[in-house]
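Observations on the model geometry
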Amino acid sequence: MKQEKPTEITKEELTKLSQSAAELCREILAKSEIEEAELFVLGLSTSEVRGAKIGQDGSLEIGRAIVRAIHEVLSEAKIELAVQGCEHINRALSLERASAKRLGLEIVSVKPALHAGGAGSVAAWEIFEDPCCVEFISAAAGLDIGDTAIGMHVKHVQVPLRLSQKELGQAHITALRSRPKLIGGPRAEY
């Protein structure tokens, strides 16, 4: 059951969230077959992590801890991170400008704010060297913390991943990977 009023978060709790986020990310990398230079999408409701309703009590501290941990794991694996914003910026994604250009993505004119984009997106802008936003991506895998609906940003065919953790803080977790479509008829070979 969710708390009525989330309490302030301690340094120990931030450290635990950071470590858990890194572990989740490593598990997804191991199970997803994502390759170097591919995109990984992160959806994050820090409100849900705190035990509040999505969009109601964001925490930049939590956003920084989680995004930084995931960014570090992905950077080591040479995988690109895109952080999904909230509905108030049409779920635009923050990522490195060089990645957006390399992938031929259309850059849009928006900068996430705590109440229009969310704490995860704001944290990404602080962490990335040269951040920008795009409207659409087709990621190879992703992590959804707090039911933020990342599915629109994971390429077809999406396959759910069963992770050892079911929650981060008090937020429900969903992870996805993608696989190539099986096309053709009865004569096709896969």
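Above this text sits the structure in question.
A brief structural summary. (Residues numbered from 1 in each chain as written. Predicted model: local features only at pLDDT ≥ 70, side-chain atom pairs only at ≥ 80, totals over all residues. Heavy atoms only, no water.)

A closer look at the pattern of salt bridges
Two side chains carrying opposite charge are able to pair once their charged atoms lie near each other. Applicable threshold: When a carboxyl oxygen of Asp or Glu lies within 4 Å of a side-chain nitrogen of Lys or Arg, that pair is called a salt bridge. Helix and strand assignments come from DSSP, with helices taken as H or I runs of at least 4 residues and strands as E runs of at least 2, each series counted from the N terminus. Each residue's exposure class comes from its accessible area (1.4 Å probe, protein chains only) as a fraction of the maximum for that residue type: buried when under 20%, exposed when over 50%, partly exposed otherwise.
The final tally for this structure, using the stated rule, is six salt bridges. Its salt-bridge partner being R50, residue D57 comes within 3.6 Å of it at the nearest N-O pair. Measuring nitrogen to oxygen at the nearest pair gives 3.3 Å for the salt bridge that ties R97 to D130. On the criterion of sequence distance, the pair formed by R97 in helix α4 (residues 97-102) and D130 in the loop between α5 (119-127) and β5 (131-134) is long-range, its members being 33 residues apart. Under the relative-accessibility criterion, D130 is labelled partly exposed at 38%.

Brief notes about the environment of E72
Topologically, E72 is positioned in helix α3 (residues 60-76). Given the relative accessible area of 46%, E72 is considered partly exposed. Separated by 89 residues in sequence, E72 and L161 have C-alpha atoms that sit 21 Å apart.

Side note on the nonpolar core
Note the cut-off: For the purposes of this section, nonpolar cores are sets of buried Ala, Val, Leu, Ile, Met, Phe, Trp, Tyr and Cys residues that join through side-chain atoms within 4.5 Å. We call two residues in contact whenever any of their non-hydrogen atoms come within 4.5 Å of each other.
Among the nonpolar cores identified, the biggest contains 37 residues, and F40, L42, I66, I70, L81, L143 and I145 are the most heavily contacted of them. Setting aside anything within four residues of it in sequence, one finds L143 in contact with L24, I28, F40, V41, L42, G43, I70, I150, L163, I173, T174 and A175. Ranked by size, the runner-up nonpolar core spans 13 residues in total, among them L39, A100, A139 and V154.

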